[in-house]
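Report on the structure
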Amino acid sequence: DSHVQYERVGADVTMKCGSMDWDAAVTWTANGTDIDESHLNGSYLILKNVDLSQSGQYSCYEGSSWHLKYQTYLRVGTPPKEPVLMCRSNNYPKGFYCSWHLPTPTYIPNSFNISVIHGTKDMVCEKDAIPKNRCHIRYLQLFSTVKYKVTLTVTNPLGKNFTTLTFDEFAIVKPDPPESVVAKPVPNNPRRLEVSWQNPSSWPDPESFPLKFFLRYRPLILDQWQHVELSDGTSHTITDAYAGKEYIIQVAAKDNDIGTWSDWSVAVHATPWTEEPKHLTTEAQIAETTSASTSSFMAPPTTKICDKGAVVGSGAMAVCWTAGLVMAAYSVLFI
Amino acid sequence: MAAADSPSAALRRDLCSRGIRLAGKMRADVADLLDAYVEQQGLDPSASVAAMDGVPLAAVERWDEQTGTQRLLENLAAYRAFRALLAQMLEEQREQLGEADAGLGRALAAVLLQVSAFAYHLEELLRLESRGIPGEEEEEEEDGPPPLPRLSLFEQKLRGLGVLRELAQWALRSVRDLRQLAKPSPAPGTAPGLADSP
């Protein structure tokens, strides 16, 4: 005779050995291991202040014959706390979904029942296969001022609990983040970055229910974000980027008229365009191009390797010197 | 698309765009008015108000299947009703409070003006499509509009709450309806926005 027995953490549990008399000689095992007689009161097994580790299979055998007289699976757990329920429409105006979870585990099986009422009308929330703690509802009406009332009840063998959400159709609208965010430098523009993105694929009709967007960006070296709100279009050019600095960029979306902002999109990184560094001419190359004659020495024309105003890469030192000085030094040697 | 470039299509898009802006502004003002009304009247903002006779409900089933004409006609009927309801609210407000709450009265009057303007805008859209503009029921009566039922002060306040809530939803619905109407038509005679069949 085998069954499952559910007990609360901290409870005192008494197990009877089936129909055996109190004074019968029995042996109890837990998961195949003999239980010490100190836990017995006659043929009854006494477990005080049970904890989770005491879950398992308990078996009772008649003393001499070792016939199995009773078997139970003890599951130690807790009654459910108030569940956490969330409802959201990421595909307005098609419908909305509700998802839930327990704030703390119960360690025993739970069942969930959800009811949705719109005015006086019961609506069916169809459970998703994956994930299991979610169901979805199609809007049968739009633009209703009547609130939706969603009640989630969680039940397990040790108790039950519930929570209720009441909301307006438009209050739970929250799109998914924009997709395919791309940021690119703009050629020959050291302070610009071109950002583009797409509407979330879950938003069914962006033409009739347009989204607006919020873009944020900052250089990696700074903590403060710049923000731009865009009422239409799925692209934007940043024009005030710091030259040469890598940026992190994200976009969020919201229905133009109702609801709340989506979460931020996946972050993308981009660095504005920078000019290619110019080649530096070496001292040896300058020496090769000048005349080597000592009898008819002619001072070569002065060659400046670089102008003062030129920038040769970032971090490189600009070196300006006159080749004539070097040749003058050679001239002195040969006189 | 040839239909999208025709003068009437361009005019329709223009009227729809202006209508969307009107409706958007109206919605924002109604939202502010609703907040002020709830506070001034001492109402619970979360109070549920049952549907009342004469208050047009914005809720609609199969909204996406409506034709353009249906959208315009339902919108027009609603805003004409709101015009009468807001006028009565304004009258009741003056009777109850006199000059004590001129701010609320002014806000009501401003919204009433916007509702009237929007109703006229809808009539323009209907005219554009050579649709007959339905006469207002009140004008057909020789003795004027039928009197609205006399309510207690509390009932008046609740009805006012219901009126403003539905008007806010209608303003939102009108924005969506006009966006549908503004969509370019695939070919003349088969306009999804204003065809008689979905």
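The rules behind the values
Residues numbered from 1 in each chain as written. Chains lettered and ligands numbered in written order. Predicted model: local features only at pLDDT ≥ 70, side-chain atom pairs only at ≥ 80, totals over all residues. Heavy atoms only, no water. Pairing = 2+ DSSP bridges. Helix = DSSP H or I, 4+ residues; strand = E, 2+ residues; numbered from the N terminus. Axes fitted to C-alpha atoms, helices over the stretch in contact; angles between N-to-C directions. Parallel < 35°, antiparallel > 145°, perpendicular 65-115°, else oblique. Left-handed = near helix turned anticlockwise from the far one by under 90°. Nonpolar A, V, L, I, M, F, W, Y, C, P; charged D, E, K, R; others polar. Disulfide = S-S within 2.5 Å. Buried < 20%, exposed > 50% of the residue type's maximum accessible area, 1.4 Å probe, protein only. Contact = heavy atoms within 4.5 Å. Buried area = accessible area lost by both parts, 1.4 Å probe. Salt bridge = Lys/Arg side-chain N within 4 Å of Asp/Glu carboxyl O.

1. Considerations on the sheet that holds strand S13 (residues 126-127) of chain A
Reading across from one edge, S9-S10-S14-S13 (chain A) is the order of the 4 strands in this open sheet, with antiparallel pairing throughout. The sheet terminates laterally at strand S9 (84-88) and S13 of chain A, the two strands that pair on one side only.

2. A closer look at the packing of helix H2 (residues 7-40) of chain B against helix H6 (residues 153-182) of chain B
All names here are of chain B. For the pair H2 and H6, interaxial distance at closest approach is 8 Å and the crossing angle is 160°. Regarding the angle of H2 to H6, the classification is roughly antiparallel. At the point where H2 passes H6, the crossing takes the left-handed sense. Residues that form the contact of H2 with H6 fall into these classes: 19 nonpolar, 5 polar and 6 charged.

3. Here we look at the state of the cysteines
Residue and element names in this part refer to chain A. If you walk through the whole model with that rule in mind, you get 3 disulfides over all chains. Here cysteine 87 pairs with cysteine 98 through a disulfide, and the sulfurs are 2.1 Å apart. Across the disulfide from cysteine 87 to cysteine 98, rotation about the S-S bond amounts to roughly 105°, and the bridge is consequently right-handed. Of this pair, cysteine 87 sits in strand S9 while cysteine 98 sits in strand S10 (residues 95-101), and the two are 11 residues apart along the sequence. With respect to class, cysteine 87 is no different from cysteine 98; both count as buried. Sulfur-sulfur distance for the disulfide between cysteine 125 and cysteine 135 comes to 1.9 Å.

4. So, the interface of chain B and chain A
Contacts between the two partners involve 18 residues from chain B and, on the opposite side, 17 residues from chain A. With both sides pooled, the region where chain B packs onto chain A buries about 1,600 Å², and carbon together with sulfur makes up 54% of that total. Interface area lost by chain B to chain A is led by Gln169, Arg176 and Arg179 of chain B, which between them contribute 36%. The interface formed by chain B and chain A includes 4 salt bridges. A salt bridge links arginine 176 of chain B to aspartate 255 of chain A, with the shortest nitrogen-to-oxygen separation between them at 3.0 Å. When contributions to the side of chain B that touches chain A are tallied by element, the ones reaching two or more residues are strand S1 (60-61) and H6 of chain B. Broken down by element, the side of chain B that touches chain A gets its largest block of residues, 9 residues, from H6 of chain B. Counted by class, the side of chain B that touches chain A contains 7 nonpolar, 2 polar and 9 charged residues. Where strand S15 (residues 141-142) of chain A meets S1 of chain B, 2 bridges bridge the pair, whose relative direction is antiparallel. Following the sheet pairing, glutamine 141 of chain A is matched in S1 of chain B by glutamate 61 of chain B.

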